[in-house]
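Next come the chains, spelled out residue by residue.
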Amino acid sequence: MESIQKEFLGETFTYTTEVNEDGKALWTNAIDNEFSKWLYQLRAENRELFKVQYSVSGNAYKVLEKLKERIGVFDDSLLVRAITITFINFIDTRKGRPILNKLNKYVADGDLDVLQEGETLKKSLYFSSVGIRDIEAYSNLSGYKRSKVVKNALYSVLLISINEDEEIKNFWEQEILSQLTNIVKAA
């Protein structure tokens, strides 16, 4: 057994585990539970570590406002958190790959340019300890900063919401909208 240090959000989590001959540390369910508790305490001590700042254009914000009305939520940060987590865990997955391919086409066709027009608004939001784990993992995999992860997720979901393509519309109605609604209800 060895003592291992893992850096997360600029802080250090220390745990004891077995290490194989290649130097790879074993991560168990018990260690994962310890890490989750540590994150929860870290958030209680320093909430600012869980803050993500991002920007959104005026046009994108107008679409977000309409989406808030449709879902029945009136808190920007709640909906943007739900959008981000839905994008990471549901859209940018193997199951969502066909939709991501369509999104890439929309970007190439200039649809994103229309969303990006208007005054730039600076926003910030706080993620839960569970949510920030998803953000950090996605950030590490994609190479995006946390702000870019949120912005990318937001613009992707907004592009899906305004598109008239039949496959996208069905995916929006049957999959994404229900995911967002469930997350918002649970918050």
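The following refers to the structure shown.

Conventions used here
- Residues numbered from 1 in each chain as written.
- Predicted model: local features only at pLDDT ≥ 70, side-chain atom pairs only at ≥ 80, totals over all residues.
- Heavy atoms only, no water.
- Salt bridge = Lys/Arg side-chain N within 4 Å of Asp/Glu carboxyl O.
- Buried < 20%, exposed > 50% of the residue type's maximum accessible area, 1.4 Å probe, protein only.
- Helix = DSSP H or I, 4+ residues; strand = E, 2+ residues; numbered from the N terminus.
- Contact = heavy atoms within 4.5 Å.

Applying the stated criterion to the full structure yields 8 salt bridges. The partner of R97 in a salt bridge is D92, with the nearest N and O atoms 3.5 Å apart. Look at R97 and you get partly exposed, because its relative accessible area is 41%. Look at D92 and you get partly exposed, because its relative accessible area is 22%. Among the salt bridges present, the one from K105 reaches D109, with a minimum N-O distance of 2.7 Å. Of this pair, K105 and D109 both sit in helix α4 (residues 97-109), separated by 4 residues, roughly a single helical turn. One salt-bridge network, held together by shared partners, links E65, K68, D76 and K123.

On the secondary structure map, Y144 appears in the loop between α6 (129-142) and α7 (146-162). Taking relative accessible area as the criterion, Y144 reaches 32% and is therefore assigned partly exposed. Discounting chain neighbours no more than four positions away, the residues touching Y144 are Y138, S139, V149 and N152.

Distances and angles like these do not, on their own, reveal function.
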